[in-house]
Amino acid sequence: MSAEQFDGERVQAALRTPRLGRPLLWLPTVDSTQEELRRQLAQGAPAGTVVVADDQTAGRGRRGNVWYDRPGQDLLFSVALPADLPREGLVAVALGAYLAEALGHETRQDVRLRWPNDLVMGFAKVGGLLLEVAGEHFLAGVGINVAGQAAEIARQVGRPVTTLQAGTGRALSREELLAVCLNTLDRAAVQLAAGDRGLISRKIADLDALRDRTVTVTGPQGTVEGTAVGVALNGALLVRSGSIITEVTVADEVTVQAD
Ligand code: BTN
């Protein structure tokens, strides 16, 4: 556990959004911030509610994966986004792109989005986004490896994983990062609700870590190898093999080949 207690007031002071982060509930440990947020909403908590934890005992990622954390060293939160977002596949990818861009600005590093929801520095995953629906709300759950080294997580997941500190050489405040994420998600939600698909598609393209990479896709139709050529307006990954373009959905498994 971190020696420093999470400082919710520091987050509130850095919030530029009237909609997200009020209320903000911090817990030293919880099963999953997604589950706690569901419970809070069931008891009448409003849109914008945030649950943040130092540690999760049942943190989860996409596709039923376990989300590992290092207590007090990672940023683990869930936020109930307002109900005015379109319910379509592009939303999750777009939110990830906005977060990658914001983390890049904050760290002055090249943080990108590896479709659909991985936040990466180079090949190594530094965070992820899980978007779920609860009634009329979207629950955006974000995990970011902030402090120290991520060797233990990398060993557990068997893939390259890093932390913002390892990538930047700087210690970053989880509170300030949370405020940056909430300010960013609010701006993203407003732009998504306004439906400016051109702006959103350009942002996704600019931050696309898979573009021009060779990828292998495994889905119900079998395995396809090809080159990632972008993200469609419905949020699907576009993979070209010869003259055929395949739309890959989030249900498919995508692996990226090293150059
Ligand atoms: C992924 O990359 O697979 C998405 C990971 C999302 C992890 C976060 S941590 C906070 C929130 N609570 C959870 O149980 N999961 C998300």
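An account of the accompanying structure is given in this report. This one's a predicted model, so the numbers in the text were calculated from it and none came from an experiment.

So, about the site of the ligand. Taken together, 20 residues are adjacent to the ligand, and Ser32, Gln56, Arg60, Arg62 and Lys125 come closest. Between the ligand and arginine 62 there is a distance of 2.7 Å, counted from an oxygen atom to a backbone nitrogen or oxygen. Contacts to the ligand include lysine 125, whose side-chain N or O atom sits 2.6 Å from an oxygen atom. Contributions of two or more residues to the shell around the ligand are made by helix H2 (33-42), strand E3 (74-81), strand E6 (124-134) and strand E7 (137-145).

Counting residues in hydrophobic clusters, the biggest one holds 56 residues, and the most contacted among them are Leu75, Phe77, Val79, Leu81 and Leu178. With ten residues, the single largest contributor to this core is helix H3 (residues 90-107). Built from parts of two domains, this core gets at least three residues from each of domain 1 (3-206) and domain 2 (214-256). Look past the residues within four positions of leucine 178 in its chain and what remains in contact with it is Phe6, Val11, Leu24, Val52, Leu75 and Phe77. In terms of nonpolar packing, the next biggest core, distinct from the first, is built from seven residues, Ala45, Val51, Ala134 and Leu139 among them.

A few words on the packing of H3 against helix H7 (residues 197-206). Relative to each other, H3 and H7 sit at 60°, their axes nearing to 9 Å. It follows from the interaxial angle that H3 and H7 lie oblique. Seen from above, H3 lies across H7 with left-handed handedness. Here Leu90, Val93, Ala94, Ala97, Tyr98 and Glu101 of H3 lie close against H7, whose contacting residues are Arg197, Leu199, Ile200, Lys203 and Ile204.

Criteria and thresholds
- Residues numbered from 1 in each chain as written.
- Predicted model: local features only at pLDDT ≥ 70, side-chain atom pairs only at ≥ 80, totals over all residues.
- Heavy atoms only, no water.
- Near = heavy atom within 4 Å.
- Polar contact = N/O pair within 3.5 Å; in protein donor to acceptor, adjacent residues only side chain to side chain.
- Helix = DSSP H or I, 4+ residues; strand = E, 2+ residues; numbered from the N terminus.
- Core = buried A, V, L, I, M, F, W, Y, C linked by side-chain atoms within 4.5 Å.
- Buried < 20%, exposed > 50% of the residue type's maximum accessible area, 1.4 Å probe, protein only.
- Domains from an automatic or database assignment.
- Contact = heavy atoms within 4.5 Å.
- Axes fitted to C-alpha atoms, helices over the stretch in contact; angles between N-to-C directions.
- Parallel < 35°, antiparallel > 145°, perpendicular 65-115°, else oblique.
- Left-handed = near helix turned anticlockwise from the far one by under 90°.

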